[in-house]
Amino acid sequence: MAIQRLAVLTSGGDASGMNAAVRAVVRTALDRGVEVFAIYEGYQGLVDGGDRIRPMSWDSVGGILNRGGTVIGTARCEAFRTHEGRRAAARNLLEHEIDSLVIIGGDGSLTGANIFRQEWPQLLAELVELGQVTPEVVARRTNLTIVGLVGSIDNDMHGTDMTIGADTALHRITEAVDAISSTAASHQRTFVVKVMGRNCGYLALMAALATGAEWVLIPENPPAMDNWEEKMCADLKAGRKAGRRDSIVIVAEGARDRNGNIIGSSYLQKVLEENLHEEVRVTVLGHVQRGGSPSAFDRNLGTLMGHAAVETVLAATPESEPQLICLRGNRITRAPLMKCVEQTRAVADAITRHEYERAMDLRGGSFKEAFRTLRTMLRSLPHELPAGQKQLRLAVLNAGAPAPGMNTAVRAAVRIGLDRGHIMLGVSNGFKGLIEDQITEMNWMSVNGWASMGGSVLGTNREVPHGRDFYAIARTIEQRAINGLLVIGGYSGYQAPYRLFRELPNYPAFNIPIICLPATISNNLPGSELSIGADTALNTIVDAVDKIKESAVALRRCYIVEVMGRRCGYLALMSGLATGAERVYMHEEGIRLNDLQIDVKELVTGFKHGKRLGLLMRNEEAHPVYTTNVLCALFDAESDGLFDVRQTILGHMQQGGGPSPFDRIQATRLAARCIDYLIEHAQPELCDSAYIGLEAGGIQIHPLEDMPKMLDEVNQRPKQEWWMDLRSIAKVLAQPMPQTQVS
Ligand code: ADP
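Basis of the calculations
- Residues numbered from 1 in each chain as written.
- Predicted model: local features only at pLDDT ≥ 70, side-chain atom pairs only at ≥ 80, totals over all residues.
- Heavy atoms only, no water.
- Near = heavy atom within 4 Å.
- Polar contact = N/O pair within 3.5 Å; in protein donor to acceptor, adjacent residues only side chain to side chain.
- Areas by Shrake-Rupley, 256 points an atom, 1.4 Å probe, with all protein chains shown as cover.
- Helix = DSSP H or I, 4+ residues; strand = E, 2+ residues; numbered from the N terminus.
- Nonpolar A, V, L, I, M, F, W, Y, C, P; charged D, E, K, R; others polar.
- Buried < 20%, exposed > 50% of the residue type's maximum accessible area, 1.4 Å probe, protein only.
- Pairing = 2+ DSSP bridges.
- Axes fitted to C-alpha atoms, helices over the stretch in contact; angles between N-to-C directions.
- Parallel < 35°, antiparallel > 145°, perpendicular 65-115°, else oblique.
- Contact = heavy atoms within 4.5 Å.
- 1 Å grid on protein atoms, 1.4 Å probe; cavity = no way out; pocket = protein on both sides within 12 Å on 5 of 7 lines; lining within 4 Å.
- Points joined across faces, edges and corners; volume = space filled by probe spheres on them.
- Phe/Tyr/Trp six-rings, centres within 6.5 Å; stacked < 30°, edge-to-face > 60°.

K.L.:
How should I be thinking about the site of the ligand in this particular structure?
P.N.:
Of all residues adjacent to the ligand, which total 16 residues, the nearest are Arg 76, Cys 77, Gly 106, Gly 108 and Ser 109. Arg 76 is positioned such that a nitrogen or oxygen atom in its side chain is 2.7 Å from an oxygen atom of the ligand. At 2.4 Å from an oxygen atom of the ligand is found a side-chain nitrogen or oxygen belonging to Ser 109. Coverage of the ligand by the protein amounts to 83% of the 550 Å² it exposes when considered alone. The element contributing the most residues to the shell around the ligand is helix H4 (residues 107–129), with six residues. Residues of the shell around the ligand, tallied by class, amount to four nonpolar, eight polar and four charged.

Dropping the structure here:
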């Protein structure tokens, strides 16, 4: 049966990024020739009907990408929990001849959706029996297709790596904890910070990993010992003794002890004050975590999930069970909705039954790994080296342009290396430092506070060794007895190790494992779909573009925004997707004069028909002749005074700033794996070198000799760029009106 009418609603707790999802659902549906409605105020609107169910047009979802919350409203609705309420809802859907529902909400909302769908035939029969609808109406609408999207800041849904709103919530939490850390450090104070998460410790765990918190309490993994209070106070005291000035304890609202007793922030305050003999402050972050403009990640996640929801509705058959749109390893997928909801509930049940190990198992491998890493990062001092174990000397350096998250990665590498019992060496100024022997031994506290710092504290540059440099590097490696090298950097940070690898026959000293960790805002490295720094840069661009758009409210204006990325269009495309840019120019596609003529024509038509703002993103190296200047002059000349054209070149602000939570978390995860790799391979017969990255299947490590196979050396970017597939979605959603309406 062809789908004719679809409705979208948001329900339960609001989450940033829901608007992006609503926009994508509405526009994708219209583009595919499907009539689309919004149901205002969640299930309450469905039960009430009337003008709470409204047809949507292309423009009714314009200008909402950057707004927090949900513009179509959400509610908790008691009536929908009752059979009668759901019958009224069914009647309202029949009245509008709606046969597909996209529901954006948490596990409660999605459970409600599933019950509704199961009852659908019965509800229809009852409505006919009550004389509220005719059998003919029912005969036309025997089926109800349901697709769910998880909008929840908790990131608590099984089946999806991320839920819409969780990344923005993490932004709010890390901003707050960073701010608290600086005041805490000034006064040498202890703070307890309470974050949301009744049955899910994701926000608390990731916030602790992303900041310099010292203790964290989550529902899934209560402290193992009965006297955990003593241990916590002892750890905090040890931290102070080791030189920390601030102490921060992060507690999830559902944190409990082994016996299931909730650990409240006031209790923590009391315990800490009694033991530390100092004033302890409590900050309950509350609804701040829900609010604010969505992060770039949540905008794009909402957009891609909303788009996939409509595709799933269109592919559904009467037999299809309700589906949930998920993100798995950086790809949008789908899974049976009810199974995911049941598994999610299973975690809550395990916690209620005090089966904590099971709760952690159900959360999955990367959650457990993050928890293990966190335990090391939080220590005030490293473990002792086990007797008989060889102590390695591992060096860390930054290379290439600075990328936010480099310091976070160095911090993680140094602490994890020290905790495994090894000596950690910091190399200043990239490979130049290795050539000139600028090396210092790092200790636990030398990286204190680095998690949130932008730039590169070690110092970085683009120098790639050649000629006599190899001899100097070999000498440094030998004299310093370096057993392994971690290079955290961008393109030159990959080129340099590859050259050392090629020079191995000439310099036996190079027979040590070297591993490259991708850190560049350009996201142009092989073997990694996302490099550290790119998420921060994306957020910087999106914030700037939001402001630029606001500045033009009363004018007819077209902006051309130039972003970095060298010859990789990732930043241009993803920021275009997150800001609703109607055109993205990138090197991968090039620019033809013919394209520009079409673009000018579209702009003129748009502005003639009431358009007020045009937004075009241009990758800095999109074309050597059609520069941002040239485009600007060209469009201005052709605008005939209908609109004016301005260019904004965002420049180096994109490389700066404190890293986003995502970049901090991934930097820490990758650095932990790199150190393990170096330790494992630091034996003459195993001295393989490699590069690590985040790929669809999770963290992957590739041997260094594979680099030429994966790299387009001329354009300095990977041969395969996964995000190129997203171009068509960006094009569909940002066009001035759907193709189906263009005559
Ligand atoms: P969330 O969707 O964020 O988990 P809630 O659990 O409060 O939030 O659910 C939101 C709404 O979904 C509820 O107010 C109710 O209308 C509906 N709902 C939740 N659980 C059910 C259920 N078991 N049966 C029917 N409707 C439900």
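So much for the structure itself; the text now carries on.
K.L.:
Whenever I open this one, the pairing of strand E5 (residues 145–150) confuses me. Can you help?
P.N.:
In summary, the side chains of a regular strand alternate between the two faces of the sheet. By the criterion of burial, E5 is predominantly enclosed, with six of the six residues buried. In E5, alternate side chains face the same way, and those of Thr 145, Val 147 and Leu 149 on one face and Ile 146, Gly 148 and Val 150 on the other are all buried. Of the pairings in the sheet, the one linking E5 to strand E10 (residues 323–328) comprises three bridges and is parallel in character. Its bridge partner being in E10, Val 147 is matched across the sheet by Gln 323.

K.L.:
For this particular structure, what's the right way to read the sheet that holds strand E6 (residues 190–195)?
P.N.:
Within a sheet, each strand pairs with its neighbour through backbone hydrogen bonds, oriented either parallel or antiparallel. What the four strands build is an open sheet, ordered E7-E8-E6-E9; its pairing is parallel. The strands lining the two open edges of the sheet, one partner per strand, are strand E7 (215–217) and strand E9 (280–284). Across this sheet, the average inter-strand angle for adjacent strands is 15°, counted without regard to direction. As defined by bridge partners, E6 adjoins E9 across five bridges and the pair is classed as parallel. Bridging across to E9, Val 193 finds its partner in Thr 283.

K.L.:
What exactly am I supposed to notice about the packing of helix H13 (residues 365–378) against helix H14 (residues 406–419) here?
P.N.:
Any two packed helices are characterised by the angle at which their axes cross and by the distance between the axes. Where H13 meets H14, the axes come as close as 9 Å, and the angle between the chain directions of the two elements is 85°. Classed by the angle they form, the pair H13 and H14 counts as roughly perpendicular. Between H13 and H14, the contacting residues are Thr 373, Thr 376 and Met 377 on the first element and Arg 411, Ala 412, Arg 415, Ile 416 and Asp 419 on the second. Residues of the contact of H13 with H14, tallied by class, amount to three nonpolar, two polar and three charged.

K.L.:
Help me understand empty space enclosed by the protein in this model?
P.N.:
Where empty space is left in the structure can be found by rolling a water-sized probe over the atoms. One pass over the structure, following the stated rule, counts one cavity of 30 Å³ or more. Each pocket or cavity is described by its volume, and for the largest cavity that value is around 40 Å³. Contributing to the lining of the largest cavity are Arg 23, Gly 576, Leu 577, Gly 580, Ala 581, Ala 730, Leu 733 and Ala 734. Secondary structure elements with two or more residues in the lining of the largest cavity: helix H19 (570–579) and helix H24 (727–734). Of the residues forming the lining of the largest cavity, the biggest block, three residues, is contributed by H24. A breakdown of the residues in the lining of the largest cavity according to their chemical character gives five nonpolar, two polar and one charged.

K.L.:
Before we go on, may I ask you to explain the packing of aromatic side chains in this structure?
P.N.:
For any pair of aromatic rings, the description rests on two quantities: the centre-to-centre distance and the angle between the ring planes. All told, the structure shown has 13 aromatic pairs when counted by the stated rule. Ring centres 6.0 Å apart and planes at 20° place the aromatic pair Phe 297 and Phe 662 in the stacked group. Taken together, the residues Phe 297 in helix H10 (residues 296–315) and Phe 662 in helix H22 (residues 661–681) connect sequence positions 365 residues apart. Across the pair, Phe 662 and Phe 297 agree in class, each one buried. A ring pair is formed by Phe 470 and Tyr 507, whose centres lie 6.2 Å apart and whose planes are at 40°; its orientation type is tilted. Highlighted residues: Phe 470 in helix H16 (residues 469–479) and Tyr 507 in the loop between helix H17 (491–502) and strand E16 (514–518), separated in sequence by 37 residues.

K.L.:
I tried to follow the sheet that holds E10 on my own but got confused; where do I start?
P.N.:
Strands sit in the order E3-E2-E1-E4-E5-E10-E11 across an open sheet of seven strands; the sheet is mixed. The open sheet is flanked by strand E3 (53–55) and strand E11 (331–336), the only strands paired with a single partner. Pairwise comparison of adjacent strand axes, ignoring direction, gives a mean angle of 25° for this sheet. Set on the sheet, H10 makes contact with strand E1 (5–10), strand E4 (100–105), E5, E10 and E11; between it and E10 the angle comes to about 140°.

K.L.:
Just checking my understanding: could you explain unusual backbone geometry for this structure?
P.N.:
A negative phi holds for most residues other than glycine; trans holds for most peptide bonds. Phi angles above zero are rare outside glycine, and Asn 330 is one such case at about 70°. Examined against the element boundaries, Asn 330 turns out to sit in the loop between E10 and E11. Here the phi dihedral of Asn 429 falls at roughly 55°; this positive angle occurs in a residue that is not glycine. If you trace the backbone, Asn 429 turns up in the loop between strand E13 (423–427) and helix H15 (430–435).

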